[in-house]
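So you can see what is in the structure, the chains are spelled out below.
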Amino acid sequence: MDKTYQPDSIEQAWYQAWEKAGHFRPSGEGESFAMMIPPPNVTGSLHMGHAFQDTIMDTLVRYRRMQGRNTLWQVGTDHAGIATQMVVERRLAAEGTDRHELGRERFLEKVWEWKAESGGTITQQLRRMGSSVDWSRERFTMDDGLSNAVREVFVRLHREGLIYRGKRLVNWDPALHTAISDLEVENREEQGHMWHFRYPLSDGSGHLVVATTRPETMLGDTAVAVHPEDPRYKDLIGQTVRLPLADRDIPIIADDYVDPDFGSGCVKITPAHDFNDYEVGKRHDLPQINLFTIEARLNDNAPQAYRGLDRFDARKKVVDDLDGLGLLEKVEDHTLQVPRGDRSGVVIEPYLTDQWFVAVESLAKPAIEAVENGDIQFVPKNYENMYFSWMRDLQDWCISRQLWWGHRIPAWYDEDGNVYVGRDEDEVRREHNLGDRPLSQDEDVLDTWFSSALWTFSTLGWPEQTDELKTFHPTDVLVTGFDIIFFWVARMIMMTLKFTGEVPFKHVYVHGLVRDAEGQKMSKSKGNVLDPLDLIDGIDLDTLVEKRTRGLMQPQKEKQIGKRTRKEFPDGINAYGTDALRFTFLSLASTGRDIKWDMGRIEGYRNFCNKIWNAARYVLMNTENQDCGLDADSSEVTLSLADRWIVSALQRAETEVTEALDQFRFDVASHAAYEFIWNEYCDWYLELSKPVLYGDEYSEAEKRGTRRTLVRVLEAILRLAHPFMPFITEEIWQKVAPLAGKTPAAEGADATIMRQPFPVSDRARLDPQAESDIEWIKAVITVVRNIRGEMRIPPGKALDVYLHNGKDIDRERLAANHNFMCRLAKLERITWLNAEDSAPASATGLVGDMEILVPMAGLIDKDAEIERLGKEIEKLRKEVARGESKLRNPNFVDKAPDEVVAKEREKLDDHRSQQARLEEQMEKIKYL
RNA sequence: AGAACCGUAGCUCAGUUGGUUAGAGCGCUGCCUUGACAUGGCAGAGGUCGGCGGUUCGAAUCCGCCCGGUUCUACCA
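Residues numbered from 1 in each chain as written. Chains lettered and ligands numbered in written order. Predicted model: local features only at pLDDT ≥ 70, side-chain atom pairs only at ≥ 80, totals over all residues. Heavy atoms only, no water.

## Focus: the overall build of chain A
- Tallying secondary structure elements over chain A gives 30 helices and 28 strands in all.
- On C-alpha atoms alone, chain A measures out to a radius of gyration of 37 Å, which is more than a quarter above the 30 Å that the 2.2 N^0.38 rule sets for 928 residues.
- Its C-alpha atoms put chain A at 120 × 65 × 60 Å along the principal axes.
- When each of the 928 residues of chain A is scored for burial, the buried share is 54%.
- Considering only contacts within chain A whose residues lie at least 6 apart along the sequence, 77% involve residues at least 24 apart.
- When the accessible surface of chain A is summed, it comes to about 41300 Å², and 46% of that surface belongs to carbon and sulfur atoms. (Helix = DSSP H or I, 4+ residues; strand = E, 2+ residues; numbered from the N terminus. Rg over C-alpha atoms; globule rule 2.2 N^0.38 Å. Buried < 20%, exposed > 50% of the residue type's maximum accessible area, 1.4 Å probe, protein only. Contact = heavy atoms within 4.5 Å. Areas by Shrake-Rupley, 256 points an atom, 1.4 Å probe, with all protein chains shown as cover.)

So, in structure tokens, the structure goes:
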């Protein structure tokens, strides 16, 4: 074995071996455990959020697989309608063409080409993370089976009247020329203006003042609304104003929607361009005047002078023209929420178009109940509130998109504009007796989330009642980010309940966002993105800077990004390996919190990998080709105290890790493993094994016992840590397992650690006696080391120490472990002093009431020892004072539970007697 | 405007149902190339648990108010 752990030399080889051997596929035995990957964009690449999420999922899946569950981690990708279409359109633009020039069919060919070209990137990266997904079942939302499920769901919902088509006001993206759902709109606060206009009354008797942030829409006004009870305007209701520029008379109407205390109390109503106005317009039966083309230029419904103008140019002109007419009362600065498309970034317009909708009310009800009654549980629980508040105020879901890339809507129109919905054109013709009348299919495609809403069951073969569906549905856990609870989780719950009668999953584990070291969101435009692969493989500084500044939307940022990157990573990024990356994510994964990325952590866990590696080296050096006492008949084995202790401690660690994983506490689980491996096994047990293995005074049976324990505990540790760190554990396990009597088979389940049983703690192997004995030994050793450290006695200098005031048990413990203590504390001799013996001048420490004396002669400075003792005494004095005042309080003694009071008394006694001993010692030294 | 979450060591974070001497990692200080590991060992320093009040024998933990931060939702034209 190399002296240091080299992840790159083993990781990919192991992954390929596992995949080839089919270890990721369900075993077909045991209770099922299923998880669905949130399908990433097929042409995308892996970012830190994916890496975090995949680590959590893989840890869960490996854990359950090792527990003997029939485990399926379903993998697949999403066609990501808008995002993918945008990328391909950008590529076409670079070639000097566009999709309209190509036509729909050739454009789609181009998209499939792009998918073929870049579609493997993210799945390869998923492999680098060690993700044990079942590749044999990989799905794509646009493949035949899933497309079939999409059509089936659409048709069935339509038959029930839950999908309908209608002309509605929707969120329109003027850059992408498509409707988007309200979720895809981001409201951002921006600086704008509030313009106040005068609308003259038609009879010439005066004017009303209306205010707006979007002056261009006034050309489409069809009313002015006032509050019905507003005394200022009550008498005007029913009259008309002359709409300037458009020269139309529009009514003054009364509606509760108007807040009489805001502005002038008069509101212009533009039903075709504002959601509130749309509702008002419906109530009052107002005409809807659509002013815009699909690019948000003014159309022919606008007065001649404005036609063809971009909306923002039109705004300017409207303001100028009204000002010219003396109708601009004032302009104020105003901050407002501007709706922008989350993909395009342009201002979204409410726009009147024909769209398809899902009526969600009846679907939402059971979806709410499933969470209320606990069939689905969110982790952490507070996300349930977010879910409820959204589900209880649901808008119908606009599912049509004016794109080409996606599932085409299975609806056909005849020449009269009648619409027929069916699984395909033949079915439509048959069912509606259409003969050979010309039909044309709806041009639009479905929202990408429509297909991903079916993910848990469409991937398992629905609408066929497949074995997989029976076995793996409902799935157990969904691991996802909070940002798509509405987009995806809620819609999955609704659709899955509707079509399978089952919940899609029992638990939703919601993880936080991975942010950079400053807590900023990682984004290409900020230039603070970390690529998980760069953390695994390492990257030099220049390449990293080049990567971060390539293809920036705002090239002027290049310099700043380069500078910041060079400052943060002066030496580039080291290769830490997948296991260290995974362990870092897990240790930072406390419930639902965002993660601030910390390079220090990954470095620490890379060191942890190295620690495990070297512990294994030590074990192998001392056990290979040696008798490890595995043959129970022929070789007798004697276990040392340390052997019994570490086995006992292992049971506790196993319990902790298991309980934490069962509760999705990956931070707690990984910490428990870390703590046991480093601070117990490596720091203490390996050291305690050395005297036995290297000492002549130990019998062969004792040496065998220690060898056996070394190997067996290590083997268990590897299985315990495997879900967190799959690669290093496999690599070492292959070498260690044979020594523990588990020689890996050439193939099948026994060929790999990933199919071995997860360690189960055994109460019978707990040994409280051994644990408290070891605690005592550790305490004594620590006292000596402490004195050594504080007094700056070189670690190499062997010491003579004296023990004083010990009880029988102390004497027994020392007698039994003399050798261990000498070795670990580097002692020459340990001598008991009787009560009447006079001790040499010494530095003193306590374990309970037992004094440990390190003679000062030539080693210890009197003043230094006085200072050290003084600090100790001061600490104890404070504790004593605290305890005394507590116990002096009759309320405490009377009201607190007896055991709490008793414990407090005991503590006080201990502290008092320790204080007395140290003070006594202090006196001695002072008068030296 | 409403809601949620957060505020604990220099930094990043744990801290279950109130009963600790408040923990970990990184960083820092000192001593050490001791035959697994300097990606290491040993020891150490470092906290008024955001502030103020309240409940309680007892509060980092429960309640109220305030301050600071993050996010979501809804917005008035």
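More follows now that the structure is in view.
## Points about the protein's contact with RNA strand B
- What surrounds RNA strand B is a group of 54 residues, the closest being F262, N276, Q337, S590 and R882.
- C682 places a polar main-chain atom, nitrogen or oxygen, 3.4 Å from a base nitrogen of RNA strand B.
- Among the elements that take part in the surface near RNA strand B, helix α21 (residues 599-623) stands out by supplying 11 residues, more than any other.
- By residue class, the composition of the surface near RNA strand B is 18 nonpolar, 17 polar and 19 charged. (Near = heavy atom within 4 Å. Polar contact = N/O pair within 3.5 Å; in protein donor to acceptor, adjacent residues only side chain to side chain. Nonpolar A, V, L, I, M, F, W, Y, C, P; charged D, E, K, R; others polar.)

## Brief notes about helix α30 (residues 898-926)
- End to end, α30 covers 42 Å across 29 residues, agreeing with the expected 42 Å (1.5 Å per residue, within 8%).
- Within α30, burial applies to V901, E904, L908, H911, Q914, Q915, R917, L918, Q921, M922 and I925.
- Buried residues belonging to α30 abut β27 (842-847), β28 (850-855), α28 (862-888) and α29 (890-895). (Expected span 1.5 Å × (residues − 1).)

## Some words on the sheet that holds strand β7 (residues 207-212)
- If you trace the three strands from one edge of the open sheet to the other, you get β7-β6-β12, paired in antiparallel fashion. Taken across any chain shown, the strands that pair with only one partner, and hence form the sheet edges, are β7 and β12 (328-341). Averaged over all pairs of adjacent strands, the angle between strand axes in this sheet comes to 20°, irrespective of strand direction.
- Bridge count between strand β6 (residues 185-200) and β12: 13 bridges; the pairing is antiparallel. Following the sheet pairing, Q191 is matched in β12 by T335.
- Along the sheet face, helix α9 (residues 311-324) touches β6 and β12 and points at about 25° away from the line of β6. (Pairing = 2+ DSSP bridges. Axes fitted to C-alpha atoms, helices over the stretch in contact; angles between N-to-C directions.)

## Quick word on helix α16 (residues 485-500)
- The element α16 is largely enclosed, with a buried count of 14 among its 16 residues.
- Phi turns positive one or two residues past the end of α16, at G501, with a value near 75°.

## Focus: the packing of helix α23 (residues 666-694) against helix α26 (residues 768-790)
- Two elements in contact, α23 and α26, have axes whose closest approach is 13 Å; the angle formed by their N-to-C orientations is 90°. In terms of axis orientation, α23 runs roughly perpendicular to α26. Two secondary-structure elements touch here, α23 through E680, W684 and L688 and α26 through I774, K778, I781, T782 and R785.
- Taken together, the residues that form the contact of α23 with α26 break down as four nonpolar, one polar and three charged. (Parallel < 35°, antiparallel > 145°, perpendicular 65-115°, else oblique.)

## Considerations on the packing of α28 against α30
- Between α28 and α30, the least distance of the axes is 8 Å, while the angle of their chain directions is 155°. Put simply, α28 runs roughly antiparallel to α30. In this structure, the crossing between α28 and α30 has a hand that is left-handed.
- Within the contact of α28 with α30, the residues separate by chemical class into 11 nonpolar, six polar and 14 charged. (Left-handed = near helix turned anticlockwise from the far one by under 90°.)

## Some words on the side chain of H722
- As for its position among the elements, H722 is in the loop between α24 (700-721) and α25 (726-736).
- A polar atom in the side chain of H722 sits 3.5 Å from the backbone oxygen of P726.
- The residues contacting H722, other than those within four sequence positions of it, are W18, R62, M66, T729, I753 and M754.

## Re the pattern of salt bridges
- Going through the model one piece at a time under the given rule, you end up with 69 salt bridges.
- The closest approach of N and O atoms between E468 and R137, which form a salt bridge, is 3.3 Å. Residue E468 is located in helix α15 (residues 467-472), and its partner R137 is located in strand β3 (residues 134-140); the two are separated by 331 residues in the primary sequence.
- For E468, a relative accessible area of 28% corresponds to the partly exposed category.
- Of the residues examined, R137 reaches a relative accessible area of 12% and is grouped as buried.
- One salt bridge connects E349 with R311, and the closest N-O pair in it is separated by 2.7 Å. Here E349, found in strand β13 (residues 349-358), pairs with R311, found in helix α9; they are 38 residues apart in sequence, far enough to count as distant.
- Taken together, the salt bridges that share partners define one network made up of E152, R156, R159, R423, E427 and E431. (Salt bridge = Lys/Arg side-chain N within 4 Å of Asp/Glu carboxyl O.)

## Some words on a negative patch on the surface
- A grouping of E790, D861, D863 and E867 is seen on the molecular surface, where their side chains present a negatively charged patch.
- Considering the arrangement of structural elements, one finds D861 in the loop between β28 and α28.
- Since its relative accessible area comes to 45%, D861 is described here as partly exposed. (Patch = residues over 30% accessible without salt bridge, like charges linked within 9 Å, V, L, I, M, F, W, Y side chains within 5 Å. Lys, Arg positive; Asp, Glu negative; His and termini not counted. Charge placed at Lys NZ, Arg CZ, Asp CG, Glu CD.)

## Remarks on the packing of aromatic side chains
- Overall, the coordinates contain 36 aromatic pairs when judged by the stated rule.
- Relative to W462, the ring of F457 lies with its centre 5.1 Å away and its plane at 85°, an arrangement referred to as edge-to-face. For the pair F457 and W462, a shared accessibility class is recorded, and that class is buried.
- Three or more aromatic residues joined by ring pairs make a cluster, and in this case those are F583, Y605, F608, Y674, W678 and F724.
- The cationic tip of K115 hangs over the ring face of F140; the distance from NZ or CZ to the ring centre is 4.5 Å. (Phe/Tyr/Trp six-rings, centres within 6.5 Å; stacked < 30°, edge-to-face > 60°. Lys NZ or Arg CZ within 6 Å of the ring centre and 35° of its normal.)

## Things to note about the pairing of strand β26 (residues 827-833)
- Both strand β25 (residues 799-804) and β26 contribute to a ladder of six bridges, which runs parallel. Along β26, the bridge assignment pairs H804 with L833.
- Remark: the β25/helix α27 (residues 808-825)/β26 crossover connection has right-handed handedness. (Right-handed = clockwise from strand over helix to strand, strands pointing away.)

## Examining the pairing of strand β1 (residues 32-36)
- Across the five residues that make up β1, a large majority, five, are buried.
- Side chains S32, A34 and M36 project from β1 onto one buried face, and the interleaved F33 and M35 project onto a second face that is buried too.
- The pairing of β1 with strand β2 (residues 70-77) spans five bridges and is classified as parallel. Directly across from S32, in β2, lies its bridge partner N70.
- Following the backbone out of β1, through helix α2 (residues 48-66) and into the adjacent parallel β2, one traces a crossover that is right-handed.

## Some details on the confidence of the model for chain A
- Taken residue by residue, chain A gives an average pLDDT of 90. The fraction at 70 or more is 100%.
- Predicted as a complex, the structure gets a pTM of 0.91 and an ipTM equal to 0.94. (pLDDT = per-residue confidence, 0-100.)

## Overview of the nonpolar core
- Of all hydrophobic cores here, the largest spans 216 residues; its most connected members are F378, Y387, F450, W597 and Y681.
- Here this core gets 14 residues from one element, more than from any other, and that element is α23.
- Filtering out sequence-adjacent residues up to four positions away, W597 remains in contact with M48, V514, R515, D516, A517, M522, L530, L535, L581, T584, F585 and I602.
- Residues F197, L201, V210 and L236 belong to the second largest nonpolar core, which totals 38 residues. (Core = buried A, V, L, I, M, F, W, Y, C linked by side-chain atoms within 4.5 Å.)

## Points about the environment of I830
- Inspection of the secondary structure puts I830 in strand β26.
- Residue I830 is classed as buried on the basis of its relative accessible area of 11%.
- Between the C-alpha atom of I830 and that of H818, which follows or precedes it by 12 residues, the distance is 7.8 Å.
- What I830 contacts, discounting residues up to four positions off in sequence, is V801, L803, L814, H818, M821 and C822.

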